[in-house]
Amino acid sequence: MELENKIVIVAGGASGIGAAIAQLAAAEGASVVVADRNLVEARRLASTLPNGDAFALDVVEQSSIDALVSFVETRYGAPDVLFNSAAIWEMADILHATRASFSALFAVNVTGLFFLQQAVAKSMIAAGRRGVSLTCSRYPYPSRGWRSTASIPAR
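Residues numbered from 1 in each chain as written. Predicted model: local features only at pLDDT ≥ 70, side-chain atom pairs only at ≥ 80, totals over all residues. Heavy atoms only, no water.

What follows concerns the nonpolar core. One recurring pattern in soluble globular proteins is that nonpolar side chains are buried together. Counting 21 residues, the largest nonpolar core has Ile9, Leu57, Val59, Leu68, Leu116 and Val120 as its most contacted members. The set of elements that each furnish at least two residues to this core consists of strand 1 (7-11), strand 2 (31-36), helix 3 (62-75) and helix 4 (99-126). Among the elements that line this core, the one with the most residues is helix 4, at six residues. Apart from the residues within four sequence positions on either side, Leu116 is in contact with Ala11, Leu57, Val59, Ile65, Leu68, Leu82 and Asn84. The next biggest cluster of nonpolar side chains, apart from the first, holds 17 residues, and it includes Ala19, Ala30, Ala46 and Phe83. (Core = buried A, V, L, I, M, F, W, Y, C linked by side-chain atoms within 4.5 Å. Buried < 20%, exposed > 50% of the residue type's maximum accessible area, 1.4 Å probe, protein only. Helix = DSSP H or I, 4+ residues; strand = E, 2+ residues; numbered from the N terminus. Contact = heavy atoms within 4.5 Å.)

Written out as structure tokens, the structure reads:
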């Protein structure tokens, strides 16, 4: 089991792709922190995992990101894996989208995930760990398939 005794953070882990990843990581023997805006659902899922925990995460707020990393380091040690699945799609088509909806989408899907990845990478590097950060999401139109990226912080 490749994830046995590893520490995995799943951002956006309370539902969808994130929930599936949390379950798979736990089945592989990882300690899994389900981090999500929806703490009720994050706790529900975490309670079903052998070594699961939940954390209320709002990737738009740096203080929330920092608190998550601190929580994980204190409880488990530096993380080994960050799986980014936190995302929103609350925007109308191009003719009806607003500045507010566009800004919110970028605040969560781009800026928030970037700074979450940065904070976790700093934790991994400070602990001398070589970790993995994955971002995966489904396009809003299922026919377009999947996209993902991976990076490994180097020491």
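So, about the pairing of strand 3 (residues 52-56). Pairing analysis gives five bridges linking strand 2 to strand 3, with the strands arranged parallel. Considered in strand 3, the bridge of Asp36 is made with Ala56. (Pairing = 2+ DSSP bridges.)

Moving on to unusual backbone geometry. Phi at Asn5 is positive, roughly 65 degrees, even though this residue is not glycine. Residue placement: Asn5 occurs in the segment before strand 1.

Attention now goes to helix 4. Residues spaced three or four apart along an α-helix face the same direction, because each turn holds 3.6 residues. Taking 1.5 Å per residue as the helical rise, helix 4 with its 28 residues ought to reach 40 Å, and the 38 Å between its terminal C-alpha atoms agrees with that figure. The largest bend in helix 4 is about 35 degrees, located at Ala107. Regarding helix 4, the residues found buried are Ser101, Leu105, Val108, Gly112, Leu113, Leu116, Ala119, Val120, Ala121, Ser123 and Met124. Looking one or two residues past helix 4, Gly128 carries a phi angle of roughly 75 degrees, positive in sign. (Expected span 1.5 Å × (residues − 1). Bend = angle between axes of the 7 residues up to and from the residue.)

Now for a nonpolar patch on the surface. Taken together, the side chains of Phe102, Phe106 and Val110 define a hydrophobic patch exposed on the protein surface, amounting to about 270 Å² of accessible area. Following the sequence through the fold, Phe106 ends up in helix 4. (Patch = residues over 30% accessible without salt bridge, like charges linked within 9 Å, V, L, I, M, F, W, Y side chains within 5 Å. Areas by Shrake-Rupley, 256 points an atom, 1.4 Å probe, with all protein chains shown as cover. Salt bridge = Lys/Arg side-chain N within 4 Å of Asp/Glu carboxyl O.)

Evaluation of the coordinates by the stated rule reveals three aromatic pairs. Between Phe102 and Phe106, the ring centres sit 5.0 Å apart and the planes meet at 35 degrees, which makes this aromatic pair tilted. Residue Phe102 and its partner Phe106 are both found in helix 4; the two are separated by four residues, about one turn of the helix. Judged by relative accessible area, Phe102 falls into the partly exposed class, the value being 44%. (Phe/Tyr/Trp six-rings, centres within 6.5 Å; stacked < 30°, edge-to-face > 60°.)

Once that is clear, we can look at the pairing of strand 2. Of all six residues making up strand 2, six are buried, and the element is well covered by its neighbours. Side-chain alternation along strand 2 places Ser31, Val33 and Ala35 on one buried face and Val32, Val34 and Asp36 on a second face that is also buried. Between the parallel elements strand 2 and strand 3, the chain passes through helix 2 (residues 39-46) in a crossover that is right-handed. (Right-handed = clockwise from strand over helix to strand, strands pointing away.)

A separate point is the packing of helix 3 against helix 4. Interhelical geometry of helix 3 versus helix 4 gives an angle of 30 degrees and a closest axis separation of 10 Å. Viewed along their axes, helix 3 and helix 4 adopt a mutual orientation that is roughly parallel. Crossing of helix 3 over helix 4 shows right-handed handedness. In contact with Gln62, Ile65, Leu68, Val69 and Glu73 of helix 3, helix 4 contributes Gly112, Phe115, Leu116, Ala119, Val120 and Ser123. (Axes fitted to C-alpha atoms, helices over the stretch in contact; angles between N-to-C directions. Parallel < 35°, antiparallel > 145°, perpendicular 65-115°, else oblique. Left-handed = near helix turned anticlockwise from the far one by under 90°.)

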